[in-house]
Every structure is written in structure tokens, then in C-alpha cells.
Amino acid sequence: MESIKELKKICQEIRRETDDWYMWNVLRKISIRVTWLLLHTPITANGVTFLFILNGILICIVFLFGTKLAFFAGSLMLQFWYVLDMVDGEIARYRKQSVATGRFFDYMAHYIVHPFF
């Protein structure tokens, strides 16, 4: 298995039009480590996208409680939601499984979860 530094070269593509400072300096540093962990399991990129959808729906349920604690917990979960959104693509790029159906599934995940927010 490659090191984190080598995985970054393989899995993380620079997209200047969508990536901002927070994404590159915080979320991507976490996502590559989650990717490294998940590459040791049989989970696929689409499996991570499915977890991404479930996590998003769970976040919405947590926010419905309306308390300060629920807002704090939901906000932390939302950060992990963004990380999972990166991890599915990183796994797909590493395993060379980046195909149109996977991208479509990822877009559909956003279309399913965003209205709930």
C-alpha cells in the first residue's frame, strides 16, 4: 500500500474552479487518510457514496432536534459528509474505477441530500 504522500499524487486532482482554501488545507488532508483506511477494506467508491447519502440524511434528522447540541453534532457530521464526498472519488481514482455511472451516482447523492438540508 502506498504512503499518504503517494496516495495524494494518485487520488487527489486539483480543481481550481471548485476547490478553496478550506478544502485543500483541512478537508483533503483528512479525506486522504480516510481513503487510505478504506482502501484496506473491500468497500467500493459507490459504497462510500451510499454511506455519503445515509450520513446526509442522518445529519438532517439530527438538525431537526433543534437544540444547540444537535446543531453542533450536525455541524461536525456535515464536515464528515464533505470528507466522504471526496473519499468516493479518491477511491475511484486509485482503483481506476472512475466511470460515468459513479459520477452520476455522486451527483444524485447531492440531489437527494441537498433538498433535505
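Note that the structure is a prediction, hence the values are computed from the model and not measured.

(A) Broad picture of the overall build of the chain. Looking only at helices and strands, the chain has 5 helices and 0 strands in total. Listing every helix and strand of the chain by position from the N terminus yields α-α-α-α-α. In terms of overall dimensions, the chain is globule-like: its C-alpha atoms have a radius of gyration of 15 Å, near the 13 Å expected for 117 residues. Here the C-alpha coordinates of the chain stretch approximately 45 × 30 × 30 Å along the principal axes. Out of the 117 residues belonging to the chain, those deemed buried represent 37%.

(B) Inspection of the packing of aromatic side chains at higher detail. According to the stated counting rule, one finds 3 aromatic pairs in the structure shown. With 5.8 Å between their ring centres and 40 degrees between their planes, F63 and F71 make a pair best called tilted. F63 sits in the partly exposed class, given a relative accessible area of 27%. Ring centres 5.1 Å apart and planes at 70 degrees place the aromatic pair W81 and Y82 in the edge-to-face group. A relative accessible area of 36% means that Y82 is categorised as partly exposed.

Rules behind the numbers
- Residues numbered from 1 in each chain as written.
- Predicted model: local features only at pLDDT ≥ 70, side-chain atom pairs only at ≥ 80, totals over all residues.
- Heavy atoms only, no water.
- Helix = DSSP H or I, 4+ residues; strand = E, 2+ residues; numbered from the N terminus.
- Rg over C-alpha atoms; globule rule 2.2 N^0.38 Å.
- Buried < 20%, exposed > 50% of the residue type's maximum accessible area, 1.4 Å probe, protein only.
- Phe/Tyr/Trp six-rings, centres within 6.5 Å; stacked < 30°, edge-to-face > 60°.

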